[in-house]
Amino acid sequence: MAGKIIVLLLRLIVAGVFLYAGVMKIWDFRHGQSATPDFTVAIQHFELLPNPDLTVALAVYLPWLEVISALALFVKRLALGAAVAITGMTVIFLGAIVSAQARGLDISCGCFGKEAVSTNYPSLLIRDGLLLAAGVALVVWEGRQRK
Amino acid sequence: MRFLRLLPLLAVLFTFAATKAQAQLKWDHPLQQFHRVPEDKEIYAHYTFKNIGTTPVTIKTLRSSCGCTTAHLDKKTYAPNETGEVVVHFIFGDRKGWYRKSVAVTTDDKAAEPVTIGLNIEIRDPVTLTPALVFWKTGEPVAAKSVQFSADPAQPVRIKSVTSYNPRLTAKLDTVKAGEQYTISLTPADTAQKESAEISVQTDFPADAPRAYVIHARIK
Amino acid sequence: MIRALRQLAIVLGLALLPALVSGALQLQWNSEAPSKKDEVTIAMVHNNWHDKVLWVDARSRAKFDHAHIPGAVLLNEDEWNSLTSAFSDAYDPDVPVVVYCDGGSCDASHAIADRLRQEFKLQQVYVLKGGWSAWPGK
């Protein structure tokens, strides 16, 4: 019983994080416009993709994958696939952050405007590390279910 | 019985809230305003602070909003009740008008957000010269183009001379109101070929080092 | 294992549908004229002006010398007075001017763009959204 409650909590937290993150990357509510250009720029800061078209494609696809995965966590026949997708995305994010840190990139922005702060790598890594642990836990749990 | 299980949670929340409330460094004037002129070239602004907390605070980084602004600190760690000062140095360059330059201060206080200290500065030039670029296309009819020179009535500026360094582009000065409003008319000899000229407008202000303004003229 | 892969494929595919719609909308928005805020994207420069613009670099000379957009003219606030002559040489009223700085939330490009509009009375002056960091192929 306790196990099921923990899993439900994990599912709610992970889904909540990914749903929020995905939606925020799709639409800029503050200014009432698409957030894709901003997200494209954010991806470019990591300097990982060679091709600008790839960057735009990723900026368009990734947020939707986050949203759909978050929702699919609650669909019995898709929960395992969703957990795998979420874990996979977290691994990629962690890899990108570690890579950026190793190269000394400032991924918060190119320079400061009014109140921006420089990249706080440790807190980013901790946050994504926790998400990764939750994702793996969900994959293991879902994998054990007979469906 | 259920309440007992909530106690640890409440304790955690309470401690978290308590640490959040303690901002250890108190800044006297985090945002300062100045009025200067371009000849001043730079400014040093002093930001004093005091450690009002109960533990020593170490300032970790001072990040400025651009390369023209640097911040200096004598030492990094301040005991409770100790005061200190950050000196912010801003070099004007060729800037004119209002600018906001800020420095983000981060400390080892994990509960505190970085503090932004900064300055609003007006670098006043009483003169407005527009447009500073006049352009003719080759083959365009030969017509004079005019540039307006105006000075703030509170600070009159007289034009002493207008000189074109290219004889194929002549400059004529019309005084609308001495010290306040002038019109400079520029006429090319012809627009058949490419030309480039810088027209120098020599003024009488400031008296110790009078400024010369430049109009760029191009035929392309 | 197979169950996991099959479900993963479905999730990936499901996400593709709204992404394609979103992508098509982005393409449509990119080919529109710049917004009132005078910001343009690389895509807009490509679609609207076929990359024929005068790039203005509002960053420091050190950064410009290290790398800049090909053909860009340096015009920053530190050396405005001495750099405007070279800018005037490069300027063409039929070619839009696009100013860039580091990217993120730096405002040097807006400051330079404002000065060009006010002091030079130029009409087609824009600012590159994302600045230097948005430029591919560095």
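Predicted model, so just to flag it, every value in this text is computed and none were measured.

A. View of the overall build of chain C. A count of helical and extended segments in chain C gives five helices and five strands. Counting from the amino terminus, chain C carries its helices and strands in the arrangement α-β-α-β-α-β-α-β-α-β. A buried classification covers 41% of the 138 residues belonging to chain C. Taking the intrachain contacts of chain C between residues at least 6 apart in sequence as the baseline, contacts between residues at least 24 apart amount to 58%.

B. Structural detail: the overall build of chain B. When helices and strands are counted, chain B shows one helix and 17 strands. Looking at chain B as a whole, 25% of its 220 residues qualify as buried. Of the contacts made within chain B by residues no fewer than 6 positions apart, 63% connect residues no fewer than 24 positions apart.

C. Spatial organisation of the sheet that holds strand S7 (residues 83–91) of chain B. Residue and element names in this part refer to chain B. Pairing in this open sheet of four strands is antiparallel, and the strands run S1-S3-S7-S5 from one edge to the other. Strands with a single pairing partner mark the edges of an open sheet, and in this sheet they are strand S1 (25–27) and strand S5 (69–73). The mean angle between the axes of side-by-side strands here comes to 30°, regardless of whether they run parallel or antiparallel. The sheet contact formed by strand S3 (residues 42–51) and S7 spans nine bridges and is antiparallel. Looking at the pairing, Ile43 lines up with Phe90 of S7.

D. Spotlight on the interface of chain B and chain C. On the side of chain C, 18 residues touch chain B, which itself brings 16 residues to the contact. Secondary structure elements with two or more residues in the side of chain B that touches chain C: strand S11 (133–136), strand S16 (195–203) and strand S17 (212–219) of chain B. Tallied by class, the residues present in the side of chain B that touches chain C amount to six nonpolar, five polar and five charged.

E. Expanded view of helix H1 (residues 2–26) of chain A. In a regular helix each residue adds 1.5 Å, so 25 residues correspond to 36 Å; H1 of chain A covers 36 Å between its end C-alpha atoms and thus fits that length. Those residues of H1 of chain A that sit buried are Arg11, Val14, Ala15, Phe18, Gly22, Lys25 and Ile26 of chain A.

F. Seen up close, the packing of helix H4 (residues 79–102) of chain A against helix H5 (residues 121–144) of chain A. Residue and element names in this part refer to chain A. The contact between H4 and H5 brings their axes to 8 Å, and the two run at 155°. Considering the angle they form, H4 stands roughly antiparallel to H5. H5 is crossed by H4, and the crossing has left-handed handedness. Across from Ala79, Leu80, Ala83, Val84, Ile86, Thr87, Thr90, Val91, Phe93, Leu94, Ile97 and Gln101 in H4, the residues of H5 making contact are Tyr121, Leu124, Leu125, Asp128, Leu131, Leu132, Gly135, Val136, Leu138, Val139, Glu142 and Gly143.

G. Spotlight on the sheet that holds strand S14 (residues 169–177) of chain B. All names here are of chain B. With antiparallel pairing, four strands are arranged side by side in an open sheet as S10-S12-S15-S14. The open sheet is flanked by strand S10 (127–130) and S14, the only strands paired with a single partner. Between one strand and the next, the sheet's axes are offset by a mean angle of 15°, whatever the strand orientation. Relative to strand S12 (residues 145–151), S10 runs antiparallel, the two sharing four bridges. In the sheet register, Thr128 faces S12, and the bridge partner there is Ser150.

H. Up close: the nonpolar core. In this structure, Ile184 of chain B together with Val56, Val98, Val99 and Ile112 of chain C are the most contacted members of the largest nonpolar core, which totals 68 residues. Per-element accounting of this core gives the leading share, five residues, to helix H5 (residues 108–119) of chain C.

I. Here's a closer look at the confidence of the model for chain B. Here chain B shows a mean pLDDT of 86. Residues at 70 or above account for 89%. Every residue in residues 1–21 of chain B scores below 50 in pLDDT, and together they form two contacts with partners more than four places removed in sequence or on other chains.

Procedures and definitions
Residues numbered from 1 in each chain as written. Chains lettered and ligands numbered in written order. Predicted model: local features only at pLDDT ≥ 70, side-chain atom pairs only at ≥ 80, totals over all residues. Helix = DSSP H or I, 4+ residues; strand = E, 2+ residues; numbered from the N terminus. Buried ≥ 20, exposed ≤ 12 C-beta atoms within 10 Å, placed from the backbone. Contact = placed C-beta atoms within 7 Å. Pairing = 2+ DSSP bridges. Axes fitted to C-alpha atoms, helices over the stretch in contact; angles between N-to-C directions. Nonpolar A, V, L, I, M, F, W, Y, C, P; charged D, E, K, R; others polar. Expected span 1.5 Å × (residues − 1). Parallel < 35°, antiparallel > 145°, perpendicular 65-115°, else oblique. Left-handed = near helix turned anticlockwise from the far one by under 90°. Core = buried A, V, L, I, M, F, W, Y, C linked by C-beta atoms within 7 Å. pLDDT = per-residue confidence, 0-100.

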